[in-house]
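An overview of the molecular structure
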Amino acid sequence: MRTPAVMTLGMVLTPCGLLLNLVSTLAPGWRLAKGFLDKPVDAVLYQGLWDMCLEQSSRERQCGQQDVWGYFESQPVLVARGLMVTSLATTGLGLLLATLGVRCWRDEPHFALAGLSGVALFVAGLFSLIPVSWYNRFLGDREVLPGPASPVTMQVSYSLVLGYLGSCLLLLGGFSLALSFAPWCEERCHRCRKAPPAGPRRSSISTVYVDWPEPALTPAIKYYSEGQHRPPAAERGAAAKPRVGFPMPRPPPRAYTNPVDVLDGEQNVAASQSASSRSTRPCHSSLPCDSDL
């Protein structure tokens, strides 16, 4: 897998921003003062966060100048010291996370870790942008930032410009790396959609259960389904109930006997009809005779 472009852009911009902020923090060039009456015309005083240097065109730079105006005790300088150091430390942490997140020795990058590094670098850019902007806001105000009195003029020096550039590069690099959260969020959403539900689904408030009556069916459909005869529900319920007690004795089955003798009439007239033909003699029996048939 190729390294995403947002990660590559973030890894290029972030070290550049770190280098510029480091130079801006250490170099004594946040403010430039020139036009001294008691010094040569070409004398220039550079004021930074930690030191002040006097430079002339014909001589070398002389650092370690005494702060006779109380410049280093002013609030913008003290706040800038703390925030710039914090920005450098946060940038280092963000670069460490970005190195672990962006693919270097792995087949695929760690998107979540790369996105977290982008957030840290973006915050580092804000930490450096705040003191630079505040210092620039009160650059010429001698009450907030003490300095030589008029006619000495105050101008922006190179360290302040480098601080602006470094902050902007950190913001862009952090934002670029923070975009790595997009593939990570997309992958997690895809997994959540495919994952089975952990428990039974809860019914929503708008769900309404309606107890519909059972439709009346004909006996042939109601009690005969799937090729088998099924008794009615009442019989199934009765059959399912356990029987209690003991079985009652049943009488043995008896044969049916007719109290009327059906051969009585034929036996009485058997002797009188023996001499004559059955077809010519009248039949006195109550039962039908052969001649009647």
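Report follows, based on the coordinates. Computed from a predicted structure; not experimentally measured. (Residues numbered from 1 in each chain as written. Predicted model: local features only at pLDDT ≥ 70, side-chain atom pairs only at ≥ 80, totals over all residues. Heavy atoms only, no water.)

1. Some remarks on the pairing of strand β3 (residues 52-55)
Two elements, strand β2 (residues 44-47) and β3, share 4 bridges in a ladder whose sense is antiparallel. Opposite L45, over in β3, you have L54 as the bridge partner. What sits between β2 and β3 in their antiparallel hairpin is a turn of 4 residues. Bridge analysis of β3 against strand β4 (residues 62-63) gives 2 bridges, and the strand direction is antiparallel. From the neighbouring strand, L54 faces β4, where its bridge partner is Q62. (Pairing = 2+ DSSP bridges. Helix = DSSP H or I, 4+ residues; strand = E, 2+ residues; numbered from the N terminus.)

2. With respect to the state of the cysteines
With the rule as written, the count across this model stands at 1 disulfide. Note that C53 is cross-linked by a disulfide to C63, the S-S spacing being 2.1 Å. Torsion about the S-S bond of the C53 and C63 cystine: about 105°, corresponding to right-handed handedness. With C53 in strand β3 and C63 in strand β4, this residue pair connects regions lying 10 residues apart in the sequence. For C63, a relative accessible area of 43% puts it in the partly exposed group. (Disulfide = S-S within 2.5 Å. Buried < 20%, exposed > 50% of the residue type's maximum accessible area, 1.4 Å probe, protein only.)

3. Quick word on the environment of L179
Relative to the helices and strands, L179 is located in the loop between α4 (158-178) and α5 (181-194). The partly exposed category is assigned to L179, whose relative accessible area is 39%. Expressed as a C-alpha distance, the spacing of L179 and V6, which sit 173 residues apart in the sequence, is 6.9 Å.

4. Re a nonpolar patch on the surface
There is a patch of nonpolar side chains on the surface, built from F122, L126, I130, F175 and L179 and spanning about 450 Å² of accessible area. A per-element tally of the nonpolar patch places helix α3 (residues 111-137) first, with 3 residues. Positionally, F122 belongs in helix α3. (Patch = residues over 30% accessible without salt bridge, like charges linked within 9 Å, V, L, I, M, F, W, Y side chains within 5 Å. Areas by Shrake-Rupley, 256 points an atom, 1.4 Å probe, with all protein chains shown as cover. Salt bridge = Lys/Arg side-chain N within 4 Å of Asp/Glu carboxyl O.)

5. Concerning helix α1 (residues 5-26)
Taking 1.5 Å per residue, 22 residues should reach 32 Å; α1 reaches 33 Å between its end C-alpha atoms and fits that length. All buried positions along α1 are accounted for by M7, G10, L13, T14, G17, N21, S24 and T25. Buried residues along α1 cover an arc of 130° about the axis, so they all sit on one side. Opposite the packed face of α1, turned more than 90 degrees from it, sit the exposed residues L19 and L26. Contact partners of the buried residues in α1: α2 (75-101), α3 and α4. (Expected span 1.5 Å × (residues − 1). Arc of directions from axis to C-beta. Contact = heavy atoms within 4.5 Å.)

6. Concerning the packing of aromatic side chains
The full count for this structure, using the stated rule, is 3 aromatic pairs. The side chain of K39 reaches across the aromatic face of F36, ending 5.0 Å from its centre. (Phe/Tyr/Trp six-rings, centres within 6.5 Å; stacked < 30°, edge-to-face > 60°. Lys NZ or Arg CZ within 6 Å of the ring centre and 35° of its normal.)

7. Observations concerning the sheet that holds β4
Strand order across the open sheet formed by 5 strands is β4-β3-β2-β1-β5, with antiparallel pairing between neighbours. Each edge of the open sheet carries a strand with a single partner, namely β4 and β5 (153-156). By the bridge criterion, 4 bridges tie strand β1 (residues 31-34) to β5 in an arrangement that is antiparallel. Across the sheet, A33 pairs through a bridge with M154, a residue of β5.

8. Brief notes about the packing of α3 against α4
At their nearest, the axes of α3 and α4 sit 7 Å apart, and the two run at 155° to each other. Regarding the angle of α3 to α4, the classification is roughly antiparallel. Handedness of the α3/α4 crossing: left-handed. Across the contact of α3 with α4, the residue classes tally to 16 nonpolar, 10 polar and no charged. (Axes fitted to C-alpha atoms, helices over the stretch in contact; angles between N-to-C directions. Parallel < 35°, antiparallel > 145°, perpendicular 65-115°, else oblique. Left-handed = near helix turned anticlockwise from the far one by under 90°. Nonpolar A, V, L, I, M, F, W, Y, C, P; charged D, E, K, R; others polar.)

9. Describing the nonpolar core
In this structure, W30, A33, L45, L49, Y71, V77 and Y135 are the most contacted members of the largest nonpolar core, which totals 20 residues. Mapped onto this core, the elements with two or more residues apiece are β3, α2 and α3. For this core, the element with the highest residue contribution is α2, accounting for 3 residues. The contacts of V77, once residues within four sequence positions are left out, are L49, Y71, F72, Y135 and L145. (Core = buried A, V, L, I, M, F, W, Y, C linked by side-chain atoms within 4.5 Å.)

10. Considering the packing of α2 against α3
At a minimum axis distance of 8 Å, the contact between α2 and α3 shows a crossing angle of 165°. Between α2 and α3, the angle falls in the class roughly antiparallel. Between α2 and α3 the crossing geometry is left-handed. A breakdown of the residues in the contact of α2 with α3 according to their chemical character gives 22 nonpolar, 9 polar and no charged.

Such coordinate-based values are descriptive only and should not be taken to indicate function.
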